[in-house]
Amino acid sequence: MSDPTEANGSAGTAGAGEAAPAAGSGAGERRVRVVLVDDHRMFRTGVQAEIGQTAETGVEVVGEAADVDQAVTVITATRPEVVLLDVHLPGGGGVEVLRRCAPLMSDAERPVRFLALSVSDAAEDVIGVIRGGARGYVTKTITGTDLVNSVFRVQEGDAVFSPRLAGFVLDAFASTDAPPVDEDLDRLTQREREVLRLIARGYAYKEIAKQLYISVKTVESHVSAVLRKLQLSNRHELTRWATARRLV
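Note that this is a predicted model, so its numbers are computed, not measured. (Residues numbered from 1 in each chain as written. Predicted model: local features only at pLDDT ≥ 70, side-chain atom pairs only at ≥ 80, totals over all residues. Heavy atoms only, no water.)

A. The overall build of the chain, seen in detail. From N to C terminus, the chain includes 13 helices and six strands. Buried residues in the chain amount to 48% of all 248 residues. As displayed, the chain offers around 11,500 Å² of accessible surface, 51% of which is attributable to carbon and sulfur atoms. (Helix = DSSP H or I, 4+ residues; strand = E, 2+ residues; numbered from the N terminus. Buried < 20%, exposed > 50% of the residue type's maximum accessible area, 1.4 Å probe, protein only. Areas by Shrake-Rupley, 256 points an atom, 1.4 Å probe, with all protein chains shown as cover.)

Dropping the structure here:
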């Protein structure tokens, strides 16, 4: 197995999804090359340990990345069949990775397919990455066995969702009456949304600057822009606004 590209990170392996065959079943006949994109190194390590035993699962982890730039570099270099992509990443988030990898997704002969794997179950996050071109979205409560089978289904061109999240997508793309994404939220840039979420989670400006690789002054500018666009007065109102929309 190739040595995965390193990055840095937080915890976890995977808990509930569809009934599926055991992770090892059929591993001798099927193979898939995967890149893990998540800013939490411990989580990447957990996923690698859970699904990356190639002889048993058929999954070969060929690269890892912790932010948008690393992800684009590693994905371009390794050309995996499937990318497991976190939604909230330093440098612009999962949507930015999808935007920059669009030519790889549209390659008719060797398409790179994306499966979002995130702690977030917010409708706005789900719809955003699906609009960006991801083939599915599962939460980090999924079991290792179900994650392996989800990866193979995405490799084969299927769309895969955790059960509750599928409803968000159906509602969003079937509705002709109401926009699937909050109009106020649509006014914000991707970076402003990242800052919004971190502020709402209680991060200090210095912590946000470190997390997003930007200066404290830039964080302050983004916060000012968010407050202005949302017509809010302070970070406490901003936190309530984000919490009400389940963005935290």
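B. Just unusual backbone geometry, in detail. For arginine 79, which is not glycine, the phi dihedral falls at a positive 50°. Relative to the helices and strands, arginine 79 is located in the loop between helix 3 (68–78) and strand 3 (82–85). For tyrosine 213, which is not glycine, the phi dihedral falls at a positive 60°.

C. Structural view of helix 13 (residues 235–244). Residues of helix 13 that are buried: Leu238, Trp241 and Ala242. Projected down its long axis, helix 13 shows its buried positions confined to an angular sector of 95°, all on one face. Counted as exposed and oriented over 90 degrees from the buried face of helix 13: His236, Arg240 and Ala244. Two to three positions downstream of the cap, the backbone nitrogen of histidine 236 sits 3.0 Å from a side-chain oxygen, assigning the N-cap of helix 13 to asparagine 234. (Arc of directions from axis to C-beta. Polar contact = N/O pair within 3.5 Å; in protein donor to acceptor, adjacent residues only side chain to side chain.)

D. Representation of the pairing of strand 2 (residues 59–65) within the structure. In terms of residue burial, strand 2 counts as a mostly covered element, since six of its seven residues are buried. The pairing of strand 1 (residues 32–37) with strand 2 spans six bridges and is classified as parallel. The partner of valine 34 across the bridge, within strand 2, is valine 61. (Pairing = 2+ DSSP bridges.)

E. Representation of the packing of helix 10 (residues 190–200) against helix 13. One way to put it is that helix 10 packs onto helix 13 with a least axis distance of 9 Å and a crossing angle of 100°. Taken together, the axes of helix 10 and helix 13 lie roughly perpendicular to each other. Touching Leu196, Ile199 and Ala200 of helix 10 are Arg235, Leu238, Thr239, Trp241 and Ala242, all from helix 13. Of the residues belonging to the contact of helix 10 with helix 13, the class tally is six nonpolar, one polar and one charged. (Axes fitted to C-alpha atoms, helices over the stretch in contact; angles between N-to-C directions. Parallel < 35°, antiparallel > 145°, perpendicular 65-115°, else oblique. Contact = heavy atoms within 4.5 Å. Nonpolar A, V, L, I, M, F, W, Y, C, P; charged D, E, K, R; others polar.)

F. Expanded view of the sheet that holds strand 5 (residues 136–139). One open sheet accounts for six strands, arranged 2-1-3-4-5-6; its pairing is parallel. The strands lining the two open edges of the sheet, one partner per strand, are strand 2 and strand 6 (160–161). Of the strand pairs in this sheet, strand 1 and strand 3 are connected by four bridges, and their pairing is parallel. Residue pairing for strand 3: valine 34 is matched across the bridge by valine 82. On the sheet, helix 6 (residues 123–132) packs against strand 4 (113–118), strand 5 and strand 6 and is oriented at approximately 145° with respect to strand 5.

G. Quick peek at the pairing of strand 4. In terms of burial, strand 4 is a largely internal element, five of the six residues being buried. For strand 3 and strand 4, the ladder comprises four bridges, and the chain directions are parallel. Following the sheet pairing, valine 83 is matched in strand 4 by phenylalanine 114. Of the pairings in the sheet, the one linking strand 4 to strand 5 comprises four bridges and is parallel in character. Bridge assignment links alanine 116 to a residue of strand 5, and that residue is tyrosine 137. Each parallel crossover has a hand, and for strand 4 linked through helix 6 to strand 5 it is right-handed. (Right-handed = clockwise from strand over helix to strand, strands pointing away.)

H. Up close: the side chain of serine 150. The residue serine 150 is located in helix 7 (residues 144–155) in this model. Relative accessible area serves as the criterion here: at 6%, serine 150 is assigned to the buried category. Apart from residues lying up to four places away in sequence, serine 150 is in contact with Leu115, Val138, Ile142 and Val160.

I. Broad picture of the side chain of serine 162. Along the polypeptide, serine 162 turns up in the loop between strand 6 and helix 8 (163–174). Among the polar contacts made by the side chain of serine 162, one reaches the main-chain amide nitrogen of threonine 139 at a distance of 3.2 Å.

J. Main features of the nonpolar core. Residues Val37, Ile75, Val97 and Phe114 are the most contacted members of the largest nonpolar core, which totals 28 residues. Taken together, the elements giving at least two residues each to this core come down to strand 1, strand 2, helix 3, strand 3, helix 4 (93–100), helix 5 (102–105), strand 4 and helix 6. For this core, the element with the highest residue contribution is helix 3, accounting for five residues. Sequence-distant contacts of valine 37, that is, excluding residues within four places in its chain, are made with Ala65, Ala71, Ile75, Val83, Leu84, Leu85, Asp86 and Leu89. The next biggest cluster of nonpolar side chains, apart from the first, holds 21 residues, and it includes Ala209, Val219, Ala242 and Leu247. (Core = buried A, V, L, I, M, F, W, Y, C linked by side-chain atoms within 4.5 Å.)

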